[in-house]
Amino acid sequence: MDYRKIMEDIYNEILPFADKGKQADYIPALAKVDPDQFGMCLKTIAGDEYPFMQADTRFSIQSIAKVFALAMGLSLKGESLWGKVGKEPSGTAFNSLVQLEIEKGKPRNPFINAGAIVVADILLTELDDAEGEFLRFVRALSGNDSVDYNMEVALSERQTGYLNAAIANLLKYHGTIENDIEQVLMFYFKMCSVEMSCRELANAFLAFTNHVPFDFAGYRLSQSRIKRLNAVMQTCGFYDEAGEFSYLVGLPGKSGVGGGIVAVYPMRYSVAVWSPRLNSRGNSVMGMKALELLTTATQESIF
Ligand code: GLU
């Protein structure tokens, strides 16, 4: 498959969408990002890498971090993790409070903010140095020791993170989280602030294609668990646009409001794409389009 040529064709086809949408401005530090950027990188299980345009520019991975946190949580807690957070699509916005109140503090899934805040709390309970361990794990997955938190972004989000603070308070009220609210929120914001490039993300997500045993920085997951983690990405990775992503792209994946999207074709490849302009659901406009065209052109999807 000539992925390089396919990416060039895709880029030409998505150019009309280049000025559609806008970057996440509810996090002040992200509002400053130049919206007119695009990068992509595909990596096959054979190790072939196809970087395209700004594949090496780092950006805020935001909710993509929730996949890393879930992987750690599952490795530490196994199936018992699902006692505190569900695995059903929410059909609501990533930061919605509505279901959380009705469902008495058990978030629908680990990829909406409420669920990821619960996973952050679990990691804080289980690990002596959760913040250090999270970095160690992501560095091992991406093969790059310079991957780091961006404290400007994390603090910027803390200053305006009123909804996430409300979510954490509701979780605490219902007894779903154990640790101090401020500590949990700050860890959650730090996870979201991690910066990685498309190449680093493609590298990291190659581990989720299930082609070799998952064992990174001491965190192990069985093939069966990786299969299930992919199932949660498929059904819950794009908030209230998860059905649309499944329909258009047909791969498990995860998006973030930094404009990144990562998708996995089990036993074949991982692909990361980034462009900061988002649609109304918080997903990258060009990123969604690029992946739709990729699986259409290659006829490679899980369906
Ligand atoms: N840090 C972001 C928030 O909590 C993550 C949201 C996202 O990427 O979807 O709002």
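Residues numbered from 1 in each chain as written. Predicted model: local features only at pLDDT ≥ 70, side-chain atom pairs only at ≥ 80, totals over all residues. Heavy atoms only, no water.

Chemist: Residues and numbers for the sheet that holds strand E1 (residues 39-44), please.
Modeler: As summarised here, the arrangement of the five strands in space is E2-E1-E9-E8-E7, forming an open sheet in which the pairing is antiparallel. Whereas interior strands pair on both sides, the edge strands pair on one side only; in this sheet they are strand E2 (49-53) and strand E7 (253-255). Going across the sheet, the axis of each strand differs from the next one's by a mean of 5°, ignoring polarity. Of the pairings in the sheet, the one linking E1 to E2 comprises five bridges and is antiparallel in character. Opposite Met40, over in E2, you have Phe52 as the bridge partner. The strands that helix H1 (residues 3-14) touches are E1, E2 and strand E9 (269-274); relative to E2, the one it contacts most, it runs at about 25°. Most of the contacts of helix H13 (residues 285-298) go to E9, to which it runs at about 145°, and overall it touches E1, strand E8 (260-265) and E9. (Pairing = 2+ DSSP bridges. Helix = DSSP H or I, 4+ residues; strand = E, 2+ residues; numbered from the N terminus. Axes fitted to C-alpha atoms, helices over the stretch in contact; angles between N-to-C directions. Contact = heavy atoms within 4.5 Å.)

Chemist: Break down the side chain of Lys43 for me, with residues and values.
Modeler: Positionally, Lys43 belongs in strand E1. According to the relative accessible area criterion, Lys43 is buried, its value standing at 13%. (Buried < 20%, exposed > 50% of the residue type's maximum accessible area, 1.4 Å probe, protein only.)

Chemist: Give me the lowdown on the site of the ligand, citing residues and values where you can.
Modeler: All residues in the neighbourhood of the ligand are listed as Tyr26, Gln62, Ser63, Phe94, Asn113, Glu157, Asn164, Tyr188, Cys192, Tyr239, Gly256 and Val257. At 2.6 Å, a side-chain N or O of Gln62 approaches a nitrogen atom of the ligand. With respect to the ligand, the side chain of Asn164 contributes an N or O atom lying 2.9 Å from an oxygen atom. Protein contacts shield 100% of the accessible area of the ligand, which totals 290 Å² for the unbound molecule. The cavity where the ligand resides is the second largest cavity. Of the residues contributing to the shell around the ligand, the split by class is six nonpolar, five polar and one charged. (Near = heavy atom within 4 Å. Polar contact = N/O pair within 3.5 Å; in protein donor to acceptor, adjacent residues only side chain to side chain. Areas by Shrake-Rupley, 256 points an atom, 1.4 Å probe, with all protein chains shown as cover. 1 Å grid on protein atoms, 1.4 Å probe; cavity = no way out; pocket = protein on both sides within 12 Å on 5 of 7 lines; lining within 4 Å. Sits in = over half its atoms within 2 Å of the grid points. Nonpolar A, V, L, I, M, F, W, Y, C, P; charged D, E, K, R; others polar.)

Chemist: So what about the state of the cysteines? Which residues, and what values?
Modeler: One pass over the structure, following the stated rule, counts zero disulfides. The closest cysteine sulfur to the non-disulfide-bonded Cys192 is located on Cys236, 17 Å from its own sulfur. A residue is classified by how much of its surface remains accessible, and Cys192, at 2% relative accessible area, is buried. (Disulfide = S-S within 2.5 Å.)

Chemist: Tell me what's going on with the environment of Asn230, and back it up with residues and numbers.
Modeler: Here Asn230 is to be found in helix H11 (residues 223-236). Expressed as a C-alpha distance, the spacing of Asn230 and Gly91, which sit 139 residues apart in the sequence, is 18 Å. Contact partners of Asn230, with chain neighbours within four places excluded, come to Phe208, Pro252, Val264 and Pro266. Among the polar contacts made by the side chain of Asn230, one reaches the main-chain carbonyl oxygen of Phe208 at a distance of 2.9 Å.

Chemist: With reference to specific residues and values, describe the environment of Gly253.
Modeler: As for its placement among the helices and strands, Gly253 is situated in strand E7. Linking Gly253 and Val67, residues 186 residues apart in sequence, is a C-alpha distance of 9.3 Å.

Chemist: Lay out empty space enclosed by the protein with the relevant residues and their values.
Modeler: Overall, the coordinates contain two cavities of 30 Å³ or more when judged by the stated rule. The calculated volume of the largest cavity comes to roughly 70 Å³. If you trace the largest cavity, you find it lined by Thr92, Ala93, Ser96, Gln99, Leu100, Glu103, Lys106, Pro107, Arg108, Ile112 and Ala114. For the lining of the largest cavity, the residue count by class is five nonpolar, three polar and three charged. Considered as a void within the structure, the second largest cavity measures approximately 50 Å³ in volume. As for the second largest cavity, its lining consists of Tyr26, Ile27, Gln62, Ser63, Lys66, Phe94, Asn113, Glu157, Tyr188, Cys192, Tyr239 and Val257. A breakdown of the residues in the lining of the second largest cavity according to their chemical character gives seven nonpolar, three polar and two charged. (Points joined across faces, edges and corners; volume = space filled by probe spheres on them.)

Chemist: Let's hear about the pattern of salt bridges: which residues, and what values?
Modeler: All chains considered together, the criterion is met by 22 salt bridges. Where Arg199 meets Glu49, a salt bridge forms, and the shortest distance between an N and an O atom there is 2.7 Å. Linking Arg199 in helix H10 (residues 198-206) with Glu49 in strand E2, this pair joins segments that are 150 residues apart in sequence. What makes Glu49 partly exposed here is its relative accessible area of 24%. A salt bridge links Arg220 to Asp215; the shortest N-O distance between them is 3.2 Å. Taking relative accessible area as the criterion, Arg220 reaches 54% and is therefore assigned exposed. Among the ionic contacts, a cluster of salt bridges with common partners joins Lys43, Glu49, Asp56 and Arg199. (Salt bridge = Lys/Arg side-chain N within 4 Å of Asp/Glu carboxyl O.)

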